[in-house]
Amino acid sequence: MSSIAAVGESYQKFNPRAYLQNNYMPPRADFSSEDCVVPWKLRCLAEAFATGDIHGRTLIDVGSGPTIYQLLSACDHFEEIIATDYLEVNRAVLRRWVQGEPDGFDWSPYIKHVCRIEGKGEQWKEKEQKLRGKLRQILPIDVHQPEPLGSQVCQPADALVSTFCLEAVSPDRPSFERALSNVTTLLKPGGHFLLIGALEESFYLAGEAKLSVVPVSEVDVKEALSKSGYRIHDFRSYLMPPGLKIGVDDVSGVFFVHAQKKSVA
Ligand SMILES: Nc1ncnc2c1ncn2[C@@H]1O[C@@H](CSCCNC[C@@H]2Cc3ccc([N+](=O)[O-])cc3CN2)[C@@H](O)[C@H]1O
């Protein structure tokens, strides 16, 4: 079995609820402290969209997983948002959230926090409904394919978002770089890419699943983006404090990049 096929096999045991519990509940989701990792991620995204530079008709979220927090600041700037994931279990979690089914994960603390830091006086139920209205497609994706969405998407997107996906599905650095190159075909020249990921992580847990991750450094990420024809506008790193090293992974930090795909010369 190829190493990429082995990654796909390992994801069959991925448990969305366990994954959400590990990463999107306290202590990692503590909104009382700006130093906590989840508020840091939300602030990076809110500030990038607050520049007004990132807007258009369509935004694609690559490897959404079972989460929607990564789209909260985007929803004011695009007409349509397309979520994607490799696993049907995750796409089903997202569909249930879009349909407002009651038994899902409670994202309200995230929506309230983003409304607060955006400072536009937006009510959280208003933002929740706005995102639900824009999240019109939830598609299968495989970043290891030259056409990650198959033939599903007609024209390139105006922007991409991706959080914690590429390094968590790539067995090694060349595969990580190829996956980035593959997803770049989904983005129009001049389009913006907001990428969040784990630094120097080698594994993470999601219920019974123990998933391998290719450890990447800041330099590795910057090199990969440069090879795929991006200009980096902003690169930030967060150092995981000891109190947030809770055994669900061995991540040493988190990176945020605002990059732009160079227009063809
Ligand atoms: N071939 C494929 N193409 C696209 N997506 C695929 C493919 N295979 C699996 N997927 C899809 O990609 C996956 C995305 S979730 C990946 C989790 N990454 C690691 C985890 C995340 C995390 C989160 C938060 C924090 N923190 O400190 O706040 C730290 C960390 C570090 N650990 C999953 O949805 C799978 O379904």
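For the structure, see preceding data.
Everything quoted here is computed from the prediction, not taken from an experiment.

Q: Residue-level account of the pattern of salt bridges, with values.
A: A full pass over the atoms with the stated rule returns 19 salt bridges. K130 is the partner of E122 in a salt bridge, and the nearest nitrogen-oxygen pair spans 2.8 Å. Looking at K130, the relative accessible area reads 25%, which means it is partly exposed. The partner of D158 in a salt bridge is K188, and the shortest N-O contact between them spans 3.0 Å. Of this pair, D158 sits in strand β4 (residues 157-163) while K188 sits in strand β5 (residues 187-199); the two residues are 30 residues apart in sequence, bridging distant segments of the chain. Residue classification places K188 among the partly exposed residues on the basis of a relative accessible area of 32%. Salt bridges here are not isolated pairs; linked through shared partners, they connect D76, E118, K120, E122, K127 and K130.

Q: Describe the state of the cysteines, with residues and values.
A: On inspection of all chains with the given rule, the structure shows zero disulfides. The thiol of C44 is unpaired, and the distance to the nearest cysteine sulfur, on C36, comes to 13 Å. The exposure class of C44 is buried, given its relative accessible area of 1%.

Q: Describe helix α4 (residues 88-98), and please don't skip the residues or the numbers.
A: Listed as buried for α4 are N90, R91, A92, V93, L94 and W97. The secondary structure elements touched by the buried residues of α4 are α2 (16-24), β2 (78-85), α6 (124-134) and β3 (135-140). Immediately downstream of α4, the backbone of G100 shows phi near 70°, a positive value.

Q: With reference to specific residues and values, describe the side chain of K41.
A: If you trace the backbone, K41 turns up in helix α3 (residues 37-50). Among buried Asp, Glu, Lys and Arg side chains, K41 stands out as unpaired, with D249 the closest opposite charge at 9.3 Å. A distance of 3.4 Å separates a polar atom in the side chain of K41 from a polar atom in the side chain of Y69. Those residues in contact with K41 that sit more than four places away from it in its chain are Y24, Y69, F164 and I196.

Q: A description of the sheet that holds strand β8 (residues 230-239) should follow, citing residues and the corresponding values.
A: An order of β3-β2-β1-β4-β5-β9-β8 is seen for the seven strands of this open sheet, with the pairing classed as mixed. Unpaired on one side and paired on the other, β3 and β8 mark the two borders of the sheet. For this sheet, the mean angle separating the axes of adjacent strands, direction not counted, is 15°. In this sheet, β4 lies alongside strand β1 (residues 56-62) in parallel orientation, the contact comprising four bridges. When the bridges of β4 are listed, I60 appears paired with L160. Relative to β3, α4 is tilted by about 170°, and along the sheet it contacts β2 and β3.

Q: Can you lay out the packing of aromatic side chains for me, pointing to particular residues and giving the numbers?
A: Here the structure, examined in full by the defined rule, presents 16 aromatic pairs. Relative to Y238, the ring of W40 has its centre 5.4 Å away and its plane inclined at 40°; by these criteria the two rings are tilted. Placement of W40 in helix α3 and of Y238 in strand β8 is noted, with a sequence separation of 198 residues between them. Residues W40 and Y238 agree in their burial class; the two are buried.

The rules behind each value
Residues numbered from 1 in each chain as written. Predicted model: local features only at pLDDT ≥ 70, side-chain atom pairs only at ≥ 80, totals over all residues. Heavy atoms only, no water. Salt bridge = Lys/Arg side-chain N within 4 Å of Asp/Glu carboxyl O. Buried < 20%, exposed > 50% of the residue type's maximum accessible area, 1.4 Å probe, protein only. Helix = DSSP H or I, 4+ residues; strand = E, 2+ residues; numbered from the N terminus. Disulfide = S-S within 2.5 Å. Contact = heavy atoms within 4.5 Å. Lys, Arg positive; Asp, Glu negative; His and termini not counted. Polar contact = N/O pair within 3.5 Å; in protein donor to acceptor, adjacent residues only side chain to side chain. Pairing = 2+ DSSP bridges. Axes fitted to C-alpha atoms, helices over the stretch in contact; angles between N-to-C directions. Phe/Tyr/Trp six-rings, centres within 6.5 Å; stacked < 30°, edge-to-face > 60°.

Remember that the coordinates give geometry; whether it matters functionally is a separate question.
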